[in-house]
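Chain by chain, the residues:
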Amino acid sequence: MEMGIQENGNGGVLKYKRMDSDTVEEDGVLCEEKGNDSSRKYVLVCAIFASLNSVLLGYDVGVMSGAIIFIQQDLKITEVQEEVLVGILSIISLLGSLAGGKTSDAIGRKWTMAFAAIVFQSGALIMALAPNFRVLMIGRFLAGIGIGFGVMIAPVYIAEISPTVARGSFTSFPKIFINLGILLGYVSNYAFSGLPPHINWRVMLGVGILPSVFIGIALFVIPESPRWLVMKNRIDEARVVLLKTNENASEVEERLAEIQQAAGHVNAEKYEEKAVWRELLNPSPGVRRMLITGCGIQCFQQVTGIDATVYYSPTIFKDAGIKGNTQLLAATVAVGFTKTIFILIAIFLIDKVGRKPLLYVSTIGMTTCLFGLGLTLSLLGNGSVGIKLAILCVCGNVAFFSVGIGPICWVLTSEIFPLRLRAQASALGAVGSRVSSGVVAMSFLSVSRMITVGGTFFVFAAISALSVAFVHKCVPETKGKSLEEIEMMFQNDRPHQGGELELEDVKHLMHIQ
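Quick caveat, the model's predicted, so the values are computed rather than measured. (Residues numbered from 1 in each chain as written. Predicted model: local features only at pLDDT ≥ 70, side-chain atom pairs only at ≥ 80, totals over all residues. Heavy atoms only, no water.)

Asker: How should I be thinking about the overall build of the chain in this particular structure?
Answerer: Within the chain, the regular secondary structure consists of 23 helices and two strands. For the chain, the residues scored as buried account for 56% of the 513 residues in total. Summarising the internal contacts of the chain: among those between residues at least 6 apart in sequence, 79% fall at separations of at least 24. Accessible surface for the chain amounts to roughly 21300 Å². Of this, 65% is attributable to carbon and sulfur atoms. (Helix = DSSP H or I, 4+ residues; strand = E, 2+ residues; numbered from the N terminus. Buried < 20%, exposed > 50% of the residue type's maximum accessible area, 1.4 Å probe, protein only. Contact = heavy atoms within 4.5 Å. Areas by Shrake-Rupley, 256 points an atom, 1.4 Å probe, with all protein chains shown as cover.)

Here it is, written out as C-alpha cells:
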C-alpha cells in the first residue's frame, strides 16, 4: 500500500488518497499503454491517408524530370518553354495555397484535401492527353492549383489531429510521401523510357492518376480536424475525434478546453477573414516573429536549390559526363532512393532528437555537398571520377535535405502559428515555398548557361550557408510542446531559446485550464 497526493483544485490544498500499488496503479498503466497504442495507430492511419495527395505531387515532380526530355523531342518545345513548363507549376500553386486557407476554414481540412486531389487529377489527365504545348500548359495550370491546396492543408490537418508527443513525426508524413512519389516518378521514367517518344511521356504522366482511388477511400476513413470543429462550435464532434486520438477522458477534456481557449472561447464571434489578414499584414511582435520563422524556413528550403537538383538531375549528370537518356534516368533513380530512405530516417529522429539539431545537421551538410558539387562540375567533369563524385554530392545533398529542412519546415509552419491564424499563415508559408521553387526552376537553365552548372551550385552553397545562420537566430525548438505552448513562446519573445517554458508560462497555462 502507498499514499498518493491529489490536488483538490481549490487554492492548491493537498490531500492524501490511499492507493493499491499492486492493482490500481499497475492496471492503470497497462490500460493507459493499451489505449495510447490504439490511439496512436488511429492517428497513424489518419496521417497516412491525409498524406496520399503528397504522393501525387511528388510523382509529378519526379516524373517531369525525365518526361521533359521526351516532351522536348515530341512537341519540339524550346529551352525557354521547357523552363516555363517545369517551373510554372510552382508559381501557379501559390494560387491554391492562398485560397487553401480560406477554403479549409470554410469547408474543413478534410474536404479541402479532397478538392485538391480532384483538381490535381484533372490537370494530370489533361497533360497526359495534350496534343500540343498550349494544352499541356492548361493541364499544368490545374495541377499547380491542386498542388497549392495539397501542400498547404495536409500538414495543418495532421498537426491538429496528432498528440503532442508524436506531432513532429506525423506532420512529416506529407514530406515522406512526396519523396516516395518522387522515387516512383524516377522509376516510371526509367521503366517507360524505352517506349516511342510520342507515347512514353504520356504514359509517365498518366500513371500518376492511379492513386486517386485510394484518396477516395481515405475520405471515408479520416475524421475532420478537432480544432476546426471547435472553431465551428461543433464541440461534441470535436470531443469524439479527440477521444479517438487520446482515450484518456480527463486529458481529452483538458485538451478540448485548451483548444477552446485558443479559438477565442466557444461562444465568441467568428474571427473574420479580413481581421485575420489584417493581423498578418500588420502583425504584433509575436506574430511577426512567427512569420519570419515560418516563411523564412520555407524560402530557405527552396532557394538552396533542391528543386533544381530534382527537376534537372539529368542535366546535372549530363554535365558531369553521363551519356544516353537511359543512363541519365537510371542515375536519377539513385537520387530518388536516397531521398526516400533519409526521409524515413527523419521521421524516427524528429521527435527524439528535436527540430533544431536536425536543422543544423541538414543545413551544414547541404552547404558542404553543394560546394563539393560546384567544385566537381567545374574541375572534374566528363571523367569517371567526376561522374562518381557528382552522383555522391547530389545524393548527399538530397540526403541532408530530407533528414532535416525538407520535412521540418512543414512541421514548423504547422506548429508555430495560433489557431485563429494557422490556416492563412500556413498558406503564406506555402506561397513563399512555391514562389521560391518556381523562380529556381524557371531560371536554372538560363543561369547555368551564363555562369555554368558548377557556378550555379556555388551560388546555392552560399545561400545554404546563410540558412545555417537563420536556423541559429530565428528557429526555436518545438519538440514536446503543445501548439498553445509554442504560441506562448513567441508571444513572450523567447522563441530562440528553445528551452522549457518559464514558471510564469506554466502558471498562465494552469490558469487557462
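Asker: Hey, could you run me through the state of the cysteines in this one?
Answerer: Chemically, a disulfide is nothing more than a covalent bond linking the sulfur atoms of two cysteines. With the rule as written, the count across this model stands at zero disulfides. Free of any disulfide, Cys369 has its nearest neighbouring cysteine sulfur in Cys393, separated by 5.9 Å. Accessibility expressed as a relative area gives 13% for Cys369, which makes it buried. (Disulfide = S-S within 2.5 Å.)

Asker: Would you mind going over the packing of aromatic side chains with me for this structure?
Answerer: We describe a pair of aromatic rings using the distance from one ring centre to the other and the angle between the two ring planes. Considering all chains together, one arrives at seven aromatic pairs under this definition. Aromatic side chains Phe444 and Phe457 sit 6.0 Å apart centroid to centroid with 70 degrees between the ring planes, which places their arrangement in the edge-to-face category. Since its relative accessible area comes to 1%, Phe444 is described here as buried. In this structure Phe457 comes out as buried when scored by relative accessible area, which is 0%. (Phe/Tyr/Trp six-rings, centres within 6.5 Å; stacked < 30°, edge-to-face > 60°.)

Asker: I would appreciate a short explanation of the side chain of Asp307 in the present structure.
Answerer: By the element assignment, Asp307 lies in helix H15 (residues 306-311). Excluding residues that lie within four positions of it along the chain, Asp307 makes contacts with Ser90, Gln302, Tyr312, Arg434 and Ser437.

Asker: Got a minute to help me understand the confidence of the model for the chain in this structure?
Answerer: Parts of the model with low pLDDT should not have their predicted coordinates read in detail. On average, residues of the chain score 79 in pLDDT, and 84% of them reach the 70 mark or higher. The secondary structure element of the chain with the lowest average pLDDT is helix H23 (residues 503-512), at 38, and the one with the highest is helix H18 (residues 355-379), at 92. The model gives residues 1-34 a pLDDT under 50, and that stretch makes 29 contacts with residues more than four places away or in other chains. Counted against residues more than four places away or in other chains, residues 497-513, with its pLDDT under 50, gives 18 contacts. (pLDDT = per-residue confidence, 0-100.)

Asker: Could you clarify how one ought to interpret the environment of Arg255 in this entry?
Answerer: On the secondary structure map, Arg255 appears in helix H12 (residues 249-262). For Arg255, a relative accessible area of 24% translates into the label partly exposed. Remark: the alpha-carbon pair of Arg255 and Leu242, spanning 13 residues in sequence, is separated by 8.3 Å.

Asker: Mind showing me how you'd approach helix H2 (residues 52-75) here?
Answerer: Given 3.6 residues per turn, any residue in an α-helix points the same way as the ones three and four places further on. Considering bend angle alone, the principal kink of H2 is centred on Ser65 and spans about 40 degrees. Burial runs high along H2: 21 of the 24 residues are buried. Count one or two residues on from H2 and you reach Lys76, which has phi positive near 55 degrees. (Bend = angle between axes of the 7 residues up to and from the residue.)

Asker: In this structure, what is going on with the packing of helix H16 (residues 313-320) against helix H19 (residues 384-403)? I would like to understand it.
Answerer: Angle between the axes and distance between the axes are the two parameters that describe a pair of packed helices. Where H16 contacts H19, the two axes come as close as 9 Å, and the packing angle between them is 155 degrees. Taken together, the axes of H16 and H19 lie roughly antiparallel to each other. The way H16 lies across H19 gives a crossing that is right-handed. Note on element contacts: H19 touches H16 through Gly386, Ile387, Ala390, Ile391 and Val394, opposite Ile316, Phe317 and Ala320. The residue makeup of the contact of H16 with H19, split by class, is seven nonpolar, one polar and no charged. (Axes fitted to C-alpha atoms, helices over the stretch in contact; angles between N-to-C directions. Parallel < 35°, antiparallel > 145°, perpendicular 65-115°, else oblique. Left-handed = near helix turned anticlockwise from the far one by under 90°. Nonpolar A, V, L, I, M, F, W, Y, C, P; charged D, E, K, R; others polar.)

Asker: Is there a simple way to explain the nonpolar core in this structure?
Answerer: Soluble, globular proteins show a tendency: their nonpolar side chains are buried together. By size, the foremost hydrophobic cluster in this structure holds 134 residues, and its most contacted members are Ile71, Leu85, Phe444 and Phe457. Here this core takes 16 residues from helix H21 (residues 419-474), the largest share from any one element. Apart from residues no more than four positions distant in its own chain, Phe457 is found in contact with Thr309, Ile316, Leu370, Leu373, Gly374, Leu377 and Phe444. (Core = buried A, V, L, I, M, F, W, Y, C linked by side-chain atoms within 4.5 Å.)

Asker: Looking at this model, I keep getting lost on unusual backbone geometry. Mind explaining?
Answerer: Excluding glycine, most residues fall at negative phi; most peptide bonds, likewise, are trans. Despite not being glycine, Asn233 has its phi angle at roughly 60 degrees, a positive value. If you trace the backbone, Asn233 turns up in the loop between helix H10 (226-231) and helix H11 (235-245). The class for Asn233 is partly exposed, based on a relative accessible area of 41%. Not every positive phi belongs to a glycine, and Thr452 is a case in point at roughly 75 degrees. Residue placement: Thr452 occurs in helix H21. The class of Thr452 is partly exposed, set by a relative accessible area of 44%.

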